[in-house]
Amino acid sequence: MSDFWTLALGALALGGVYALIALGYTMVYGIAKMLNFAHGDIIMVGAYSAFVTFMMLGMPVWLCIIIAIIFCTLLGIGIEKAAYRPLRGSSPLAILITAIGVSYLMESIVYLAFSSAPKNVVLFPSLQGNPTATALITLGVATLLMVALVLFINYTKIGKAMRAVSEDRGAAQLMGINVNFVIMVTFAIGSALAAVAAVFWLMKTPLVTYTMGSLPGIKAFSAAVIGGIGSIPGAMIGGIIMGLIETFCDSIPGLQSYTMAIEFAILVIILLIRPSGLLGKTKREKV
Amino acid sequence: MKNTLKKFAASVLAFSSVALLAACGGKNYAANNEAIMIGGSGPLTGAYAIYGTGVKYAAQMAVEEINAKEGADGLKFKFEGKDDQGDGELAAQNFNTLYESGMQVSLGCVTSGACVSFAEGGAENEVFMMTPSATADAVYKAGVYQMCFSDSGQGKAAAKYIKEYYKDKKVGVLYNSTQDYSKGIYDNFVKELGKDNITAEASFTDDQTASFDGQVNTLKECDLVFLPIYYTPATTFIRAAQGKIADGAVFFGADGLDGIDGVKGFDVNSFPQKISMLSHFNSASTDTATKAFVDAYNSKYDPDSLNQFAASAYDCVYAIYGMMKNYESKGNKIEMNISAKDLNAILTEEIKTFTFSGVTGSNIKWAADKTVDKSPIEYEINPSRIHS
């Protein structure tokens, strides 16, 4: 396969990973109306979980992935219960700052437990040097998960409840929907997707450090905003856009030093043209 | 309000006492010395302890060897190494403590930032300083002679090395354009090698770039990639390069690559490319002087603490000793209680014509700006790599 197509496929796969992470941001925002800035660190925890199970305990890779997903899911639920639920109804600023605090807390705990020394976690050694296969697997699984998520949201009872809470939390509660439970499920799904993203991230970049979550976190958040925060298809489109821009800029020697600048400049431009993102709902304020 | 005032008063007090401490480094009790006191400061505890420990041991060892060689009537030395944890403030305090207790000549500090703080006192009191390992350009600019390459010197040295030993290779460079260290080496490298001799260049901006796919694609034609970057992003790059950059290629780094073989899960020998770095010391060398040093060190101290920093410290002590011997060979005599200032005058004069050979190189000279002039060696990090 020619270099161009390998790169293009890699870009789509990277976009798929960003999209998986962006879904976590966008679902939590859409349903709980908060920005969960600790979301990126769930990826980091997922990677460290893989480091412990795969490298330190030598478990088979499929088991490591399952453990990482379960661990991140429980962690997401735990964080929601311990840090965000007590603040439900308080000012958005308080919740935002709590999220930043949770992020630092997770990073610090991992730093104390594992030191700052970087680690390499190669889950699939046979895929090393084969970017095409890595990209195809990533893209395939990411697409599958996104389709499953859309079906889940549209056709299951809890999915309908999620949409209802997102539409109008007060009315949903009056109709007998357990809002706390719905928000908990949202966090669980977001965190599980982050764990899957962590696995794919490691397939591409097997570098594990306690600050590794911040970069994919901020890029995926931008992807969610580009696509229109709160919108699930928007997160997917945003993720793909970020992946394409990044790989494109990284491939052109003159642009390599400006990759991030270009990515965020495009975010600004899109927000200037469509303030609520590509697929975001425009809110009509009644005066 | 009261509390704020108290805090303010306390900080003013703390500040003035620090200033006082800094100002009272004036007294030097070298007059009572019975051996020339060499003082140094480096991290002996904390995250960088491995660097300081090696330096301390090696300097100690050099001093013992020289004392044994010189006998009762000759020159005598003693070495005092203080812990600064790599911190500038502690290093400045260490200077004062050492100076007051009679330090006559110094190895400066092990790490760059601390060395600059340490050198303030050294320059003010005219103490001769030669650091084994602080590479920043700010260090020699602060008045410290370097036994190691300066950051800008590394780029030049790497280019010269490539011109000599890898003339036929298609050279590529990957650097971090937002990092002073990387950009500094890159600029000097390109200047020395010439733009025309570089096949491809790639850069990145963050140590945790998502992937190096694009950069690898830019560099795929190259069979030598110069990597003046830290070892953390280098692990990601080398992995991404598999299957794209030729198996027989060379990944050639600067001192930032030191430590790449210690990354958990990154087995340097599992890659078909040669991973090597510009250095001035190879512990596996068969050179007689180096072998004698390595054997002596390993029999005395923890072999894990032996690195290029330790070797460089060993050479620093011998270089200072060599200059003093040169001075004495001209019919002069150095007393054991000579003041730091007088010894500095002797050494700064001697170093202008001094040529030194040690375990980190031979025919070593120093330029007027205090940087070192020596030939670098290529230290192979993965000698038992797989060959396909």
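Residues numbered from 1 in each chain as written. Chains lettered and ligands numbered in written order. Predicted model: local features only at pLDDT ≥ 70, side-chain atom pairs only at ≥ 80, totals over all residues. Heavy atoms only, no water.

Q: Kindly report on the overall build of chain B, identifying the contributing residues and their values.
A: Along its length, chain B carries 12 helices and 14 strands. The C-alpha atoms of chain B give a radius of gyration of 23 Å, which matches the 21 Å a tight globule of 388 residues would have. For chain B, the spread of C-alpha atoms along the principal axes amounts to about 70 × 65 × 40 Å. For chain B, the proportion of its 388 residues judged to be buried stands at 54%. (Helix = DSSP H or I, 4+ residues; strand = E, 2+ residues; numbered from the N terminus. Rg over C-alpha atoms; globule rule 2.2 N^0.38 Å. Buried < 20%, exposed > 50% of the residue type's maximum accessible area, 1.4 Å probe, protein only.)

Q: Let's hear about the sheet that holds strand 9 (residues 250-253) of chain B: which residues, and what values?
A: Residues and elements named next belong to chain B. Taken in spatial order, the six strands of this open sheet run 7-6-8-9-10-14, and their pairing is mixed. Among the strands making up the open sheet, the edge pair consists of strand 7 (198-204) and strand 14 (377-380). In this sheet, neighbouring strand axes are inclined to one another by 25° on average, regardless of whether the strands run parallel or antiparallel. The strands that helix 9 (residues 231-241) touches are strand 6 (171-176), strand 7, strand 8 (224-227), strand 9 and strand 10 (274-279); relative to strand 9, the one it contacts most, it runs at about 165°. (Pairing = 2+ DSSP bridges. Axes fitted to C-alpha atoms, helices over the stretch in contact; angles between N-to-C directions. Contact = heavy atoms within 4.5 Å.)

Q: Can you tell me about the sheet that holds strand 1 (residues 36-42) of chain B, naming the residues and giving the values?
A: All names here are of chain B. With parallel pairing, five strands are arranged side by side in an open sheet as 2-1-3-4-5. In this open sheet, the two strands that pair with only one neighbour each are strand 2 (77-83) and strand 5 (145-146). Sheet analysis places strand 4 (residues 128-131) next to strand 5, joined by two bridges and oriented parallel. Considered in strand 5, the bridge of Met130 is made with Tyr145.

Q: How would you summarise the pattern of salt bridges if you had to cite specific residues and measurements?
A: Scanning the entire structure with this criterion turns up 17 salt bridges over all chains. Among the salt bridges present, the one from B:Asp295 reaches B:Lys291, with a minimum N-O distance of 3.7 Å. Linking B:Asp295 with B:Lys291, this pair stays in helix 10 (residues 288-300), spanning four residues, or about one helical turn. Judged by its relative accessible area of 43%, B:Asp295 is partly exposed. You can call B:Lys291 partly exposed: its relative accessible area is 42%. The residue B:Arg385 makes a salt bridge to B:Glu380 at a minimum N-O spacing of 2.9 Å. Among the residues examined, B:Arg385 registers a relative accessible area of 14% and is labelled buried. A relative accessible area of 29% places B:Glu380 in the partly exposed class. What emerges from the salt-bridge pattern is a single network uniting A:Asp3, B:Lys220 and B:Lys244. (Salt bridge = Lys/Arg side-chain N within 4 Å of Asp/Glu carboxyl O.)

Q: Account for the interface of chain B and chain A, with residues named and values stated.
A: Each side of the interface is counted separately: chain B has 30 residues, and chain A has 28 residues. Roughly 2500 Å² of surface becomes buried between chain B and chain A when both sides are summed, with 53% attributable to carbon and sulfur atoms. Going through the elements one at a time, strand 7, helix 8 (213-219) and helix 9 of chain B are the ones with two or more residues in the side of chain B that touches chain A. Broken down by class, the residue content of the side of chain B that touches chain A amounts to seven nonpolar, 16 polar and seven charged. (Buried area = accessible area lost by both parts, 1.4 Å probe. Nonpolar A, V, L, I, M, F, W, Y, C, P; charged D, E, K, R; others polar.)

Q: Give me the confidence of the model for chain A: which residues, what numbers.
A: Taken as a whole, chain A shows an average pLDDT of 91; of its residues, 98% reach a score of 70 or greater. Ranking the elements of chain A by mean pLDDT puts strand 1 (residues 119-120) of chain A last with 90 and helix 3 (residues 61-84) of chain A first with 96. (pLDDT = per-residue confidence, 0-100.)

Q: I'd like to hear about a nonpolar patch on the surface, residue by residue, with values.
A: A cluster of nonpolar side chains, A:Trp62, A:Ile66, A:Ile70 and A:Leu74, forms an exposed patch at the surface whose accessible area comes to about 440 Å². Within the fold, A:Leu74 resides in helix 3. (Patch = residues over 30% accessible without salt bridge, like charges linked within 9 Å, V, L, I, M, F, W, Y side chains within 5 Å. Areas by Shrake-Rupley, 256 points an atom, 1.4 Å probe, with all protein chains shown as cover.)

Q: Can you explain the confidence of the model for chain B? Please cite residues and give values.
A: Residues and elements named next belong to chain B. A residue-level look at chain B finds 91% of positions with pLDDT of 70 or above and a mean pLDDT of 88. Here helix 1 (residues 2-23) stands out as the least confident element of chain B, with mean pLDDT 52; strand 4 is the most confident, with 97. Low pLDDT (under 50) marks residues 19-25, which in the prediction has seven contacts with non-local residues, meaning those over four places away or in another chain. Two summary scores accompany this predicted model of the complex, namely pTM at 0.78 and ipTM at 0.85.

Q: An account of the pairing of strand 6 of chain B is requested, with residue identities and associated values reported.
A: Residues and elements named next belong to chain B. Counting buried positions along strand 6 gives six out of six residues, so the element sits mostly inside the fold. Side chains Val171, Val173 and Tyr175 of strand 6 all project onto a buried face; the interleaved residues Gly172, Leu174 and Asn176 project onto the opposite face, where all are buried too. Sheet analysis places strand 6 next to strand 7, joined by six bridges and oriented parallel. From the neighbouring strand, Leu174 faces strand 7, where its bridge partner is Ala202. Assessed by its sense of winding, the connection that carries the chain from strand 6 through helix 7 (residues 180-193) to strand 7 is right-handed. (Right-handed = clockwise from strand over helix to strand, strands pointing away.)

Q: Just give me the short version of the packing of helix 1 (residues 3-32) of chain A against helix 10 (residues 232-251) of chain A, but keep the residues and values in it.
A: Residue and element names in this part refer to chain A. Relative to each other, helix 1 and helix 10 sit at 140°, their axes nearing to 6 Å. As far as their axial angle goes, helix 10 and helix 1 are oblique. The handedness of the crossing between helix 1 and helix 10 comes out as right-handed. Listed contacts from helix 10 to Leu7, Ala11, Leu12, Leu14, Gly15, Gly16, Tyr18, Ala19, Ala22, Leu23, Thr26 and Met27 of helix 1 are Ile232, Ala235, Met236, Gly239, Ile240, Met242, Gly243, Leu244, Glu246, Thr247 and Ser251. For the contact of helix 1 with helix 10, the class distribution of residues is 15 nonpolar, seven polar and one charged. (Parallel < 35°, antiparallel > 145°, perpendicular 65-115°, else oblique. Left-handed = near helix turned anticlockwise from the far one by under 90°.)

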